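A closer look at the structure
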Amino acid sequence: MTGLFVSYSRDDTLAMNVIRDNLRKLGFNLWIDLEHLPPGAEQWMCSIKHAVGESDGMLVLCSPSAEKSEWVNREIHMAQTAGKPVIPVLIAGEEWESIPAALMGNQYCDMRGRANPEQGFQKLVMWLSERFEFSVPDYELDASGSVQLPTVQVINIQGHVEGHVIAIGRDVAGDVSIAGGDIRQEGQRAEQPAPTVPPAPEPQLASREEPSSFRRWLIVAILGLIGLAIVVGGYFGLKALISTLLAKTGVANNIDWKPVSAEKNDVEMVLVPAGCFEMGSIDGDDDEQPVHRVCFDDPYWLDAYEVTNAEFAAFLNSAGSQPEGDEAWFDESAGDAHISESGGTWSVDGGYENHPVVEVTWYGASAYCEWRDARLPTEAEWEFAARGPDGSAYPWGMAFDCSRGNFDDETVSDSYTVPAGPACDGYNQTSPVGSFESGASWVGAYDLSGNVWEWVNDWYAAGYYATLANGEVNPQGPGSGEYRGLRGGSWEESYSGYLRAADRYCELPATAINNVGFRCARSY
């Protein structure tokens, strides 16, 4: 078997160690974050997702701490989305307070060691061996009391590890550390490092500087030009001039900006004015911290909509599906791809022309934007276009609203939906771009939350924010890496945290899947 991913709360590390060692003595291959992700690992969030995707299934150690853990719930969602079996193992607390909502109602193995501590372990081994067709060696339980702790039973493993004594716990957490090694009383437990980025100092959030003498001179010039525009160009000339000047001088509040759009190479793009915002979130994951001030001295253009199947097919007909080195641009063979080639011509499945293209790699997204005399946006550009100077949590405001985008409010991937679902948007998978006008951002960009995840240009590094100075101007991301960044969530997300504008994600750049697309940016 490939292996089982073990999901658990940090508070349950001691219990996890015991169960881990017991199962490994029986030959099970387990993926444990503390072992596979060293402290400070740059791509640990993406590594977890890929480990879940490559696993045979997931064990979830359920306790009151696990039920409240954001990451345990995220990992459960990842496994369910990937179609992996999830087996709850109850290690502490009552069922109603310990089993995450996503698993409530599932049959679980009771390892709390109450009436019959051996039965829970035997049941777990039986389930695992049957579910994954895995042969385990013979073993027997020994309750002889050879370990002088009343809350511990011991198991003697027979066969190839004959005589090796390991512990299987009754209310293990707090009483036993690593089975087969040291046994510590509560209060002597060694803390295990968590796979997070090193702590960074809290950012000192600076206010925007007062206008310089040059800016004051520029404001006077602007007023003069406005007067000239009134005389020469009339109302519409004035409106266009004001927008252009505001875009260059910058805005301090979202409400100060009225969306401006223009056709660039036959594609509608919206203008993002200069300005500053606080990038990241103190309420988000570790890779969203520290919150830091980012500024743009120049405006830039961003696609109003995600790139559609029709637009990408036109690119393929012009450029061909050429590989980038050994990496393809697009996975035509995928069942969810709605573009196919016949007789040398690429065409779109009927009814999907205006849906966002999916099954496109980062290489294909980058090549398409270059073909259009554009580029992929940076993470900072993408987030500023979604949040603005006000720092909105979502493109439309501070509170999640399932009617403002295409999210997982159905039951295609699993039985769980976004808050207030089901039946918020009416689409099982992708929707035509721009279908949710009320979800547009402050600059007039649609679908920045939901529909499809969007490739950005940056290499991804979980600790990148800690390397930036406060007030950084137009950061471009790390110089190298293994993964590329993704933003915005998709139709497949039932967890609203993934749909926040500050949320960061990543994939290997050669990845092509059915919930990832992109949009382009262009310098002013």
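Up top you'll find the structure we're talking about.
Residues numbered from 1 in each chain as written. Predicted model: local features only at pLDDT ≥ 70, side-chain atom pairs only at ≥ 80, totals over all residues. Heavy atoms only, no water.

Some thoughts on the overall build of the chain
Quick note on the threshold: The helix and strand labels rest on DSSP assignments: H or I over at least four residues marks a helix, E over at least two residues marks a strand, and numbering proceeds from the N terminus. Each residue gets one of three labels from its accessible area relative to the maximum for its type: buried under 20%, exposed over 50%, partly exposed in between, using a 1.4 Å probe on protein chains only. Note on contacts: a residue pair is in contact if any heavy atoms of the two residues lie within 4.5 Å. Only the protein chains shown count as cover for residues, with accessible areas throughout obtained via the Shrake-Rupley method and a probe of 1.4 Å.
Along the chain, the regular secondary structure elements total twelve helices and 21 strands. For the chain, the residues scored as buried account for 53% of the 524 residues in total. A separation of at least 24 residues holds for 70% of the contacts in the chain among residues at least 6 apart in sequence. A total of about 22200 Å² of accessible surface is found on the chain, and carbon and sulfur atoms cover 50% of it.

Concerning the pattern of salt bridges
Counted only if it meets this: Salt bridges are defined as contacts in which a side-chain nitrogen from Lys or Arg sits within 4 Å of a carboxyl oxygen from Asp or Glu.
Counted under the stated rule, the structure contains 21 salt bridges. When the shortest N-O distance is used, the salt bridge between D110 and R112 registers 2.7 Å. The exposure class of D110 is partly exposed, given its relative accessible area of 28%. The class of R112 is buried, set by a relative accessible area of 7%. The partner of R500 in a salt bridge is D503, with the nearest N and O atoms 3.6 Å apart. Each member of the pair, R500 as well as D503, is classed as buried. Ionic contacts of the salt-bridge type, sharing partners, join the residues E70, R74, D285, E288, R500 and D503 into one network.

Examining the side chain of D12
Along the chain, D12 turns up in the loop between strand 1 (4–7) and helix 1 (13–25). Relative accessible area serves as the criterion here: at 5%, D12 is assigned to the buried category. Leaving out residues up to four positions away in the same chain, D12 has contacts with L61, S63, S65, A66 and I91.

Let's talk about the sheet that holds strand 9 (residues 261–264)
This is how the line gets drawn: For two strands to be treated as a pair, DSSP must find at least two bridges joining them. What counts as an axis is a line fitted to C-alpha atoms, over the stretch in contact for a helix, and the angles between N-to-C directions run from 0 to 180 degrees.
Ordered in space as 9-10-13-21, the four strands form an open sheet in which the pairing is antiparallel. Either end of the sheet is taken by a strand with one partner, and the two such strands are strand 9 and strand 21 (521–523). Shown here is a sheet whose adjacent strand axes are inclined to one another by a mean of 35 degrees, direction ignored. Across four bridges, strand 10 (residues 267–272) lies against strand 13 (residues 300–303) in antiparallel orientation. Note on strand 13: the bridge partner recorded for V272 is Y300.

Observations regarding the nonpolar core
Defined as follows: Definition used in this section: a nonpolar core is a set of buried Ala, Val, Leu, Ile, Met, Phe, Trp, Tyr and Cys residues joined via side-chain atoms within 4.5 Å.
Judged by nonpolar contacts, the single largest core of 60 residues is most densely connected at I48, F312, F330, I339, Y368 and F518. When sequence neighbours within four positions are dropped, the list of residues in contact with F518 reads E306, V307, F312, V357, V360, A365, Y368, C369, L376, W453, E454 and W455.

Digging into the pairing of strand 3 (residues 57–62)
Of all six residues in strand 3, six are buried, a share of seventy percent or more. Of the two faces of strand 3, the one holding G57, L59 and L61 and the one holding M58, V60 and C62 are both buried throughout. Judged from the four bridges that link them, strand 1 and strand 3 form a sheet pairing that is parallel. Looking at strand 3, one finds that V6 is bridged to L59.

What to know about the packing of helix 10 (residues 309–319) against helix 11 (residues 362–371)
Put simply, the rule is: The labels follow the angle: roughly parallel below 35 degrees, roughly antiparallel above 145, roughly perpendicular from 65 to 115, and oblique for the rest. Residues are grouped as follows: Ala, Val, Leu, Ile, Met, Phe, Trp, Tyr, Cys and Pro are nonpolar; Asp, Glu, Lys and Arg are charged; every other residue, Gly included, is polar.
Here helix 10 crosses helix 11 at 80 degrees, and the two axes come no closer than 11 Å. It follows from the interaxial angle that helix 10 and helix 11 lie roughly perpendicular. Note on element contacts: helix 11 touches helix 10 through G364, A367, Y368 and W371, opposite E311, F312, A314, F315 and S318. Residues of the contact of helix 10 with helix 11, tallied by class, amount to six nonpolar, two polar and one charged.

Focus on the state of the cysteines
Defined as follows: The term disulfide is used for any two cysteine sulfur atoms that are within 2.5 Å.
According to the stated counting rule, one finds three disulfides in the structure shown. In this model C276 forms its disulfide with C295; the gap between the sulfur atoms is 2.0 Å. Between C276 and C295, the S-S torsion sits near 110 degrees, and that sign places the bridge as right-handed. Here C295 lies in strand 12 (residues 292–296) and C276 lies in strand 11 (residues 275–279), a separation of 19 residues in the sequence. Judged by relative accessible area, which is 11%, C295 ranks as buried. Here C402 engages in a disulfide with C424; their sulfurs sit 1.9 Å apart. Since a negative S-S torsion denotes a left-handed disulfide, the C402-C424 link at about -55 degrees is left-handed. In this pair, C402 sits in the loop between helix 12 (379–387) and strand 16 (453–459) while C424 sits in the loop between helix 12 and strand 16, placing the two residues 22 residues apart along the sequence. A relative accessible area of 7% places C402 in the buried class.

Overview of the environment of D401
Short version of the rule: N or O atoms closer than or at 3.5 Å make up a polar contact, with two conditions inside protein: a donor-capable atom paired with an acceptor-capable one, and, for residues adjacent in sequence, both atoms drawn from side chains.
Secondary-structure assignment places D401 in the loop between helix 12 and strand 16. With relative accessibility at 25%, the residue D401 sits in the partly exposed group. When the C-alpha positions of D401 and G421 are compared, they lie 10.0 Å apart, and in sequence the two are 20 residues distant. Among residues more than four places away in sequence, those in contact with D401 are W396 and F407. Within the local environment of D401, its side chain forms a polar contact with the side chain of S403, the two groups lying 2.7 Å apart.

Things to note about the sheet that holds strand 4 (residues 86–90)
Pairing in this open sheet of five strands is parallel, and the strands run 2-1-3-4-5 from one edge to the other. The two strands at the open ends of the sheet, each matched to only one other strand, are strand 2 (30–31) and strand 5 (109–110). Lying over the sheet, helix 5 (residues 70–81) contacts strand 1, strand 3 and strand 4, oriented at roughly 155 degrees with respect to strand 3.

A few points about helix 10
In plain terms, the rule: Summarising the geometry, the arc corresponds to the directions from the helix axis toward the C-beta atoms.
Those residues of helix 10 that sit buried are N309, F312, A313, F315, L316 and A319. Projected onto a plane normal to the axis of helix 10, the buried residues spread over an arc of 155 degrees and lie on a single side. Among the structural elements, strand 14 (339–342), strand 15 (345–348) and helix 11 are those in contact with the buried residues of helix 10. Looking one or two residues beyond helix 10, the residue adopting positive phi is G320, at roughly 80 degrees.

The quantities given are spatial measurements derived from coordinates; they are silent on function.
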